[in-house]
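# Structural characterization, general
If you want the building blocks of each chain, they are given just below.
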Amino acid sequence: MISDWIGRALSRFGAPDDRDPDEPDVSDRMDEAYDAAGMGDHATAVALWRPLVEAGVARAQANLGACYAEGLGVERDPAQAAEWLSRAAEAGDPLGQRNLAALHFKGEGVAQDDAAALDLYREAAEQGDGPAQDMLSWLLLEGQGSVAADPVEARRWALEAAAQGVASAMTRLGLIAHNALGMERDPIEAARWWYEAARRGDPDGQAMLGAALHMGQGVEQDSRAAYVWLLRADAGGGALAAPFLGPVRSLLSEEDAEKAEAIAARPLPAAEEPAA
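Residues numbered from 1 in each chain as written. Predicted model: local features only at pLDDT ≥ 70, side-chain atom pairs only at ≥ 80, totals over all residues. Heavy atoms only, no water.

Attention now moves to the overall build of the protein. When helices and strands are counted, the protein shows 15 helices and 0 strands. Along the first, second and third principal axes, the C-alpha atoms of the protein reach 70 × 40 × 35 Å. Put simply, of all contacts in the protein between residues at least 6 apart along the chain, 53% involve residues at least 24 apart. Within the structure as shown, the protein displays about 13200 Å² of accessible surface, and the carbon and sulfur contribution to it stands at 50%. Between the averaged position of the 23 positive side-chain charges in the protein and that of its 47 negative side-chain charges there is a distance of 4 Å. (Helix = DSSP H or I, 4+ residues; strand = E, 2+ residues; numbered from the N terminus. Contact = heavy atoms within 4.5 Å. Areas by Shrake-Rupley, 256 points an atom, 1.4 Å probe, with all protein chains shown as cover. Lys, Arg positive; Asp, Glu negative; His and termini not counted. Charge placed at Lys NZ, Arg CZ, Asp CG, Glu CD.)

Below, the structure is given as C-alpha cells:
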C-alpha cells in the first residue's frame, strides 16, 4: 500500500527569511506531491520531490526511495530505493528507517540482513512509527535468522502499535494471549484483541474472532456471529477462516445462515479508538 510506504512531513525547508516570498515552502511542495500521489499521479509527485531530495529534505528522500522500491512514477529500482532510503534513515527519518528495514528484510537493493532490519525497525519504532512498531513486534515474536525471539518485548511493541490503531498488532496481541507467549494464557484478552482487530477489517483478526465465537473461548459461544466474522475474513482474503467456515455453517439453519450472510455483506461501521 502506498500509505504504508509514503508519509507526510510537517518540517519546513529553510528559514522564512531565506526564502523568496514568491516561492512555495517545503510544506506546500510536499502537500502538492502528496495530493498528486493520492490521485495516482506518482510521476508528478516524484518530480515535485526531486528538488527537495537534492536539497536534503529527509522525508522527500524517504518518499522518493519508496517510489523506487515500489515502481511508483519511476521504474522499479531497489538499488536506487536503498540509496535514498539510507540517506533519509541516516538523517533520522522514521519512514526512511522503516522502509530501509523492509529492504534489508527482503534483501532487495541491499544484503538480506535480519539484524539490520531489526535495528532499523527499532529506531523507527522508538520515534513512534506505528507500522515499524508492528513489524518490530512480529520479528521479536517469530525470531528470524539471527534475531532471537522475545515474546515479552514483542508484546510491548504490539501494545504500542495497537495504541495507534494498527489492527495487525491487535491480532498479534490476541495470539500472544491465546498461546501464552511471555504471559499467562488469557482467552478473554485474546478475544478482546481479536474483536478490536476484526472491527478494523483485519482478516486474520476476523478469522480468529470467528473461531473463538465458534468454540466459546473467551466469549460466549455464538455460531451465527462466528459465521459473520468468518465470512468477512474469507472475503478479505484471510486464509485462517477456511477450516472453520464449513463446520460453523453446518450448525446454522438456512434462515440463520442467510441472516449472517446479509450482515457479513454490509460495510463495517467506523471503528472507535481501541480500548485501553
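Before going further, it helps to spend a moment on the packing of helix α13 (residues 223-235) against helix α14 (residues 242-250). Interhelical geometry of α13 versus α14 gives an angle of 150° and a closest axis separation of 9 Å. In the crossing of α13 with α14, the sense of the turn from one axis to the other is left-handed. Facing α13, whose interface residues are S223, A226, Y227, L230, L231 and D234, α14 presents F244, L245, V248 and R249. Residue composition of the contact of α13 with α14, grouped by class: 7 nonpolar, 1 polar and 2 charged. (Axes fitted to C-alpha atoms, helices over the stretch in contact; angles between N-to-C directions. Left-handed = near helix turned anticlockwise from the far one by under 90°. Nonpolar A, V, L, I, M, F, W, Y, C, P; charged D, E, K, R; others polar.)

Moving on, we get to the packing of aromatic side chains. Tallying each qualifying case throughout the model produces 2 aromatic pairs. With a centroid separation of 5.8 Å and 70° between ring planes, the pair formed by Y34 and W49 is classed as edge-to-face. Of this pair, Y34 sits in helix α2 (residues 26-38) while W49 sits in helix α3 (residues 42-54); the two residues are 15 residues apart in sequence, bridging distant segments of the chain. Taken individually, Y34 and W49 each receive the classification buried, so the pair is uniform in this respect. Taken together, a centroid distance of 5.7 Å and an interplanar angle of 85° make the contact between F105 and W138 edge-to-face. Residue F105 is found in helix α6 (residues 94-106), and its partner W138 is found in helix α8 (residues 130-142); the two are separated by 33 residues along the sequence. (Phe/Tyr/Trp six-rings, centres within 6.5 Å; stacked < 30°, edge-to-face > 60°. Buried < 20%, exposed > 50% of the residue type's maximum accessible area, 1.4 Å probe, protein only.)

Moving on to unusual backbone geometry. Positive phi outside glycine occurs at A180, with the angle close to 55°. Counting through the fold element by element, A180 comes out in the loop between α10 (167-178) and α11 (187-198). Judged by its relative accessible area of 34%, A180 falls in the partly exposed class.

Per-residue confidence for the protein gives a mean pLDDT of 91, with 91% of residues at or over 70. Counted against residues more than four places away or in other chains, residues 10-23, with its pLDDT under 50, gives 13 contacts. (pLDDT = per-residue confidence, 0-100.)

Let us now look at helix α12 (residues 203-215). Here α12 is 13 residues long and its end C-alpha atoms lie 18 Å apart, about the 18 Å a rise of 1.5 Å per residue gives. With 11 of 13 residues buried, α12 lies mostly within the body of the structure. Taken as a whole, α12 has its buried residues at P203, G205, Q206, A207, M208, L209, G210, A211, A212, L213 and H214. Its buried side turned inward, α12 meets α10, α11, α13 and α14. At the exit of α12 stands G216, carrying a positive phi of roughly 65°. (Expected span 1.5 Å × (residues − 1).)

All right, on to the pattern of salt bridges then. Under the counting rule described, the total for this entry stands at 14 salt bridges. Here R172 ties to D134 by a salt bridge, and the two come within 2.7 Å at their closest N and O atoms. Separated by 38 residues along the polypeptide, R172 in helix α10 and D134 in helix α8 bring together distant segments of the chain. Taking the relative accessible area as the measure of exposure, D134 reaches 8% and is therefore buried. Across the salt bridge formed by R224 and D256, the nearest N and O atoms sit 3.6 Å from each other. With R224 in helix α13 and D256 in helix α15 (residues 254-265), this pair connects stretches of sequence that are 32 residues apart. Taking relative accessible area as the criterion, R224 reaches 31% and is therefore assigned partly exposed. In this structure D256 comes out as partly exposed when scored by relative accessible area, which is 28%. A single network of salt bridges, built from pairs that share partners, joins R76, K106 and E108. (Salt bridge = Lys/Arg side-chain N within 4 Å of Asp/Glu carboxyl O.)

All right, on to a negative patch on the surface then. On the surface, a cluster of negative charge is contributed by D113, D119, E123 and E126. Mapped onto the elements of the fold, D119 is located in helix α7 (residues 114-126). (Patch = residues over 30% accessible without salt bridge, like charges linked within 9 Å, V, L, I, M, F, W, Y side chains within 5 Å.)

For the rest of this paragraph, the subject is the nonpolar core. In terms of nonpolar packing, the biggest core is built from 46 residues, with W5, W49 and Y121 touching the most fellow members. Within the residue set of this core, elements represented by two or more residues are α2, α3, α4 (58-70), α5 (78-90), α6, α7, α8 and α9 (151-163). The residues contacting W5, other than those within four sequence positions of it, are N63, A66, A69, E70, L85, L95, R98, N99, A102, L103 and K106. The next biggest cluster of nonpolar side chains, apart from the first, holds 22 residues, and it includes M208, L213, A226 and A260. (Core = buried A, V, L, I, M, F, W, Y, C linked by side-chain atoms within 4.5 Å.)

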